[in-house]
Amino acid sequence: PKVTIYKQDDEGNALSGAELTFYNGACSNKGSAIGTFNTSSKTFSSVVPGNYCVVETSAPTGYKIEHAETDITVNYANTTQSFYITNAPDTPEHTI
């Protein structure tokens, strides 16, 4: 199967500038890195069904990392599977 990973904001708009790495294995037991990208989407071909981990090491400017690690499962049922990694705006906290 193919896997496409999309980077978006909390309103579904495409985001680039984040650094994401796609790993073999679940996040609790990551294996080797399959690839790293900083565009709004990336497609990986010839992915074997199983568990994988997407790690965000850097958020786009003006956004914060909500989930540094995301487990994904690729199965036999789909030829292409899509996964979405979302960032919320990095709004400063105000102290009163």
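Computed from a predicted model, the values in this text were never measured in an experiment. (Residues numbered from 1 in each chain as written. Predicted model: local features only at pLDDT ≥ 70, side-chain atom pairs only at ≥ 80, totals over all residues. Heavy atoms only, no water.)

Colleague: With reference to specific residues and values, describe the nonpolar core.
Modeller: Grouped together as the largest cluster of nonpolar side chains are 14 residues, with contacts concentrated most on Val3, Ile5, Phe22, Val47, Val54 and Ile72. When residues of this core are traced back to their parent elements, those giving at least two are β1 (2-9), β2 (19-24), β5 (50-58), β7 (69-74) and β8 (80-89). Non-local contacts of Ile72, meaning those with residues more than four positions away in its chain, are made with Val3, Phe22, Gly50, Asn51, Tyr52, Val54 and Phe83. (Core = buried A, V, L, I, M, F, W, Y, C linked by side-chain atoms within 4.5 Å. Buried < 20%, exposed > 50% of the residue type's maximum accessible area, 1.4 Å probe, protein only. Helix = DSSP H or I, 4+ residues; strand = E, 2+ residues; numbered from the N terminus. Contact = heavy atoms within 4.5 Å.)

Colleague: Tell me what's going on with the sheet that holds β1, and back it up with residues and numbers.
Modeller: The mixed open sheet is built from 4 strands, whose spatial order is β4-β1-β8-β6. Two strands close off the open sheet at either side, each with one partner strand: β4 (41-44) and β6 (63-64). For β6 and β8, the ladder comprises 2 bridges, and the chain directions are antiparallel. If you follow Tyr63 over to β8, its bridge partner there is Pro89. (Pairing = 2+ DSSP bridges.)

Colleague: Please set out the sheet that holds β7 residue by residue, giving values where relevant.
Modeller: Spatially, 4 strands are ordered β3-β2-β5-β7 in an open sheet, and the strand pairing comes out antiparallel. Looking at strand neighbours, the two that pair on one side only are β3 (33-37) and β7, the edges of this open sheet. Looking at each pair of strands side by side, their axes are set apart by 20 degrees on average, direction ignored. Alignment of β5 against β7, held across 6 bridges, turns out to be antiparallel. Each residue of the ladder has a partner; that of Gly50, found in β7, is Val74. (Axes fitted to C-alpha atoms, helices over the stretch in contact; angles between N-to-C directions.)

Colleague: Give me the lowdown on the packing of aromatic side chains, citing residues and values where you can.
Modeller: Applying the stated rule across the entire model yields 4 aromatic pairs. Residues Tyr6 and Tyr84 carry aromatic rings whose centres are separated by 5.0 Å and whose planes lie at 15 degrees to one another, so their mutual orientation is stacked. Linking Tyr6 in strand β1 with Tyr84 in strand β8, this pair joins segments that are 78 residues apart in sequence. The lysine or arginine in question, Lys42, covers the ring of Phe44, its NZ or CZ lying 5.8 Å from the ring centre. (Phe/Tyr/Trp six-rings, centres within 6.5 Å; stacked < 30°, edge-to-face > 60°. Lys NZ or Arg CZ within 6 Å of the ring centre and 35° of its normal.)

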